[in-house]
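# Fold and geometry: a report
Residue-level listing of the chains:
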Amino acid sequence: MLPPVNAPVAGEGEMTLLSPTALGRDDGRDWVVVVGVVAIAELVLLWAAACVGLWRRRTAWVRVVRAGG
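What comes next concerns the included structure. (Residues numbered from 1 in each chain as written. Predicted model: local features only at pLDDT ≥ 70, side-chain atom pairs only at ≥ 80, totals over all residues. Heavy atoms only, no water.)

### A few points about the overall build of the protein
A count of helical and extended segments in the protein gives one helix and zero strands. In the protein, buried positions account for 0% of the 69 residues. About 7000 Å² of surface is accessible on the protein, with carbon and sulfur atoms providing 67% of the total. (Helix = DSSP H or I, 4+ residues; strand = E, 2+ residues; numbered from the N terminus. Buried < 20%, exposed > 50% of the residue type's maximum accessible area, 1.4 Å probe, protein only. Areas by Shrake-Rupley, 256 points an atom, 1.4 Å probe, with all protein chains shown as cover.)

### Section: a nonpolar patch on the surface
Taken together, the side chains of Trp31, Val32 and Val35 define a hydrophobic patch exposed on the protein surface, amounting to about 330 Å² of accessible area. If you trace the backbone, valine 35 turns up in helix α1 (residues 30-66). (Patch = residues over 30% accessible without salt bridge, like charges linked within 9 Å, V, L, I, M, F, W, Y side chains within 5 Å. Salt bridge = Lys/Arg side-chain N within 4 Å of Asp/Glu carboxyl O.)

### What to know about α1
Think of an α-helix as 3.6 residues a turn; residues three or four steps apart then line up on the same face. Compared with the 54 Å implied by 1.5 Å per residue over 37 residues, the 54 Å span of α1 between its first and last C-alpha is a close match. The element α1 is largely exposed, with a buried count of zero among its 37 residues. Looking one or two residues past α1, glycine 68 carries a phi angle of roughly 90°, positive in sign. (Expected span 1.5 Å × (residues − 1).)

Put into structure tokens, the structure is as follows:
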């Protein structure tokens, strides 16, 4: 969210929570895209790990059954 147009500008002795680069209107949602990509990548990796784990258990079970155990 951008500050109001008539917001006071912080001087040298004042602190502000906004950096000068964050005041542009073009990059307001870049962090949302990054968080979304990271969340989707994490879900894909967790899904792949679960599939590999289930596949390993299934192959181990098939080996046990075929060995007559």
